[in-house]
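# A structural walkthrough
This is what each chain is made of:
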Amino acid sequence: MDVKNDVVVCTPLECESLEEMVASMEKAKAEGADVVELCMASMAAPYLSHQVVDQLLERKTLPAIVSFRLKSSRTLSKGGCYDTCLKVLKRALELDVEFVEMDYEVACEVNMAEYLHNRSNTRIIVSNYVNDGRPSVEKLVDIIACMQATGADVIKLDLCVDYITDLAPIFTVLTHCQVPLIAMAVGNSGLISQLLGPKFGGFLVYGSLGGKPVPGLPSLVSLRQVYKLEYTNADTKVFGLVSNPVAHSKGPILYNPTFRHMGYNGIYVPMLVDDIEEFFETYSGSDFAGFSVGIPHKEAAIRCCDEVHPTAKSIGAVNTIVRRPMDGKLIGYNTDCEAAISAIEDALTERKVSSKGVPNSTSSLISGRTFVLIGAGGAGRALAFGAKYKGARIVIFNRDYKRAKALADEVSGEALLYEALEMFRPETGAILANASAIGMEPNSHQSPVSKEALRAYDLVFDVVYTPRNTQLLKEAAEVGVTTVSGVEMFVRQALGQFRLFTGGSAPEDLMRKLVMEQF
């Protein structure tokens, strides 16, 4: 883990004018880019003269790729566009820019020998846009062979993917390709194509400038500060959050620095997964070593496991899956239950200590209380079973009443219609736990119950941790109710998860510090 690799990070710049292009280049340099791609087709026609190309390359502050994609050109005339493309690329070659990138269609039509011979240090990238649904390894190999025949120094595949499973053939090709290869998969499901590119042998990775999010591209800042891909190599173990949505995940900012701190060769990435069973069937190799499981897959994930820990089996949901090294089997666990219940118990204990001194009873302070639960999904199941084990009376509200009733029957509780939640008034000492996604960013203004209704509770817990202080918790605090943030549950479940991932100890002080600094 101490050995850094030469990972090249590039950011594409699509600007209309020379000044904007130069300013963006400076910003890219400040954010940690090694190379910039100057997308010349994005520039307005008046800025595509030899003089402007000369000035741009003269003023560049980073090594550059000069590209001209015909399909994205702003010029209207097809003939004019093609001619302009050739002029720009030839001029960049004459000026000895580091890289020139041309479309495969162009490379097939021009006399490539002229380009290859009339250069000194410039390397030529030939790129091909592949929009073939889910291309097989064989299909990609054929495409690469045709592209390599042009004499290109570097091959680049631009792919549009609909599902994260579409990326598996790309990783296989990256691993075995005999020529320098860049794979850039656009779309939200394509993010790990860049984050895992260095592991599988990608020539370079792409990141976006801050303030300009691009689907499928991590930001330059996250590449440099969170993922630090220079520590990634072929032996790096892959971990990640399997969820939909997944953009809210704070796991990368917690696990990646912790892996590096402990000297563990691992990377943690967001994994936008639609079909969890297909996901695990596709990514079945030992490289993919462990997974956090999020919304809405915690219950379905059990079917993907070869073995399930007794606690997770009784709950009927897993939030952690580890691939056992000795035989590759998937083992499911649930660290949510203990994390949430212990966070609630500790908050109740702290309040009792501050008001009445150290409690004498060894039984849980949850015992005998009414535990009102909103949500009957994976997180809700963990809370319901945890509260049952502690001796609480459980009342469940869920938009789907049948789901609430099924869970209530399993924990000997009661299910009520969701519409009755607002008017429900439990006896003194009740606990309210929100295990739904209500209040999660970007809908952070929402709360499952009104401020007035919160007065009936002794403690309010929210599994939502983005934002850290949800609308529900804000309003509960305003009426004097003890609150417990989902951040506390997140930290505790992550400690258990980290131990399962690595088979070692978890640095609690560091992990808690990272979370509190970032949330």
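In what follows, the structure referred to is the one given above.
Below: a short report on this structure. Just so it is clear, the structure is predicted and the values come from calculations on it, not from any experiment. (Residues numbered from 1 in each chain as written. Predicted model: local features only at pLDDT ≥ 70, side-chain atom pairs only at ≥ 80, totals over all residues. Heavy atoms only, no water.)

### Some points on the side chain of Thr320
The condition is simple: Numbering of helices and strands runs from the N terminus; a helix is a DSSP stretch of H or I covering at least four residues, while a strand is a stretch of E covering at least two. Relative accessible area decides the class of each residue, using a 1.4 Å probe on protein chains only: under 20% of the type maximum gives buried, over 50% gives exposed, and in between gives partly exposed. Two N or O atoms form a polar contact when they lie within 3.5 Å of each other; inside protein one atom must be a possible hydrogen donor and the other a possible acceptor, and for residues adjacent in sequence the pair counts only when both atoms belong to side chains. Note on contacts: a residue pair qualifies if any of its non-hydrogen atoms lie within 4.5 Å across the two residues.
Of note, Thr320 is situated in strand β13 (residues 320–323). The exposure class assigned to Thr320 is buried, which follows from its relative accessible area of 0%. Within the local environment of Thr320, its side chain forms a polar contact with the side chain of Asn319, the two groups lying 3.2 Å apart. Only 2.8 Å separates the side chain of Thr320 from the side chain of Gln497, close enough to count as a polar contact. Filtering out sequence-adjacent residues up to four positions away, Thr320 remains in contact with Phe291, Val293, Ile331, Gly332, Tyr333, Thr335, Gln497, Leu500 and Phe501.

### A short note on the side chain of Glu101
If you trace the backbone, Glu101 turns up in strand β4 (residues 99–103). Assessed through its relative accessible area of 2%, Glu101 is described here as buried. At 3.2 Å, the side chain of Glu101 forms a polar contact with the side chain of Arg69. Not counting chain neighbours up to four residues away, the residues in contact with Glu101 comprise Glu37, Ile65, Val66, Ser67, Phe68, Arg69, Leu89, Ile125, Ser127, Lys156 and Tyr206.

### Overview of the sheet that holds β13
Note the threshold: A pair of strands counts as paired when DSSP detects no fewer than two bridges linking them. Simply put, an axis is a line fit to the C-alpha atoms, just over the touching stretch for a helix, and the angle between two N-to-C directions goes from 0 to 180 degrees.
Reading across from one edge, β10-β9-β11-β13-β14-β12 is the order of the six strands in this open sheet, with mixed pairing throughout. Of all strands in the sheet, those with a lone pairing partner are β10 (266–272) and β12 (307–308), marking the two edges. As paired elements, β12 and strand β14 (residues 330–333) share two bridges and run parallel to each other. What sits directly across from Val308, in β14, is Gly332. Along the sheet, helix α11 (residues 251–262) makes contact with β9 (237–243), β10 and β11 (288–293), crossing β10 at roughly 165°.

### Here's the deal with the nonpolar core
The criterion, for reference: By nonpolar core is meant a set of buried Ala, Val, Leu, Ile, Met, Phe, Trp, Tyr and Cys residues that side-chain atoms within 4.5 Å join together.
Within the largest apolar cluster, 121 residues are counted, with the highest numbers of intra-cluster contacts made by Leu38, Met40 and Met271. Excluding residues that lie within four positions of it along the chain, Met271 makes contacts with Ile164, Val238, Phe239, Gly240, Leu241, Val242, Ser243, Val246, Phe279, Phe288 and Phe291. Of all hydrophobic cores here, the second largest spans 37 residues; its members include Ile341, Ile344, Ala384 and Ala404.

### Thoughts on the pattern of salt bridges
Convention followed: By definition, a salt bridge exists where a carboxyl oxygen of Asp or Glu is found within 4 Å of a side-chain nitrogen of Lys or Arg.
Per the counting criterion, the structure on display carries 32 salt bridges. For Asp287, the salt bridge goes to Lys199, with nearest N and O atoms at 3.0 Å. With Asp287 in the loop between α12 (276–282) and β11 and Lys199 in helix α9 (residues 197–200), the pair connects residues that are 88 residues apart, well separated along the chain. Using a relative accessible area of 27% as the deciding quantity, one classes Asp287 as partly exposed. A salt bridge links Glu488 to Arg492; the nearest nitrogen and oxygen atoms lie 2.7 Å apart. Of this pair, Glu488 and Arg492 both sit in helix α19 (residues 486–502), four residues apart, roughly one helical turn. Residue Glu488 is classed as buried on the basis of its relative accessible area, which comes to 17%. For Arg492, a relative accessible area of 21% puts it in the partly exposed group.

All quantities given are derived from atomic positions and should not be read as evidence of function.
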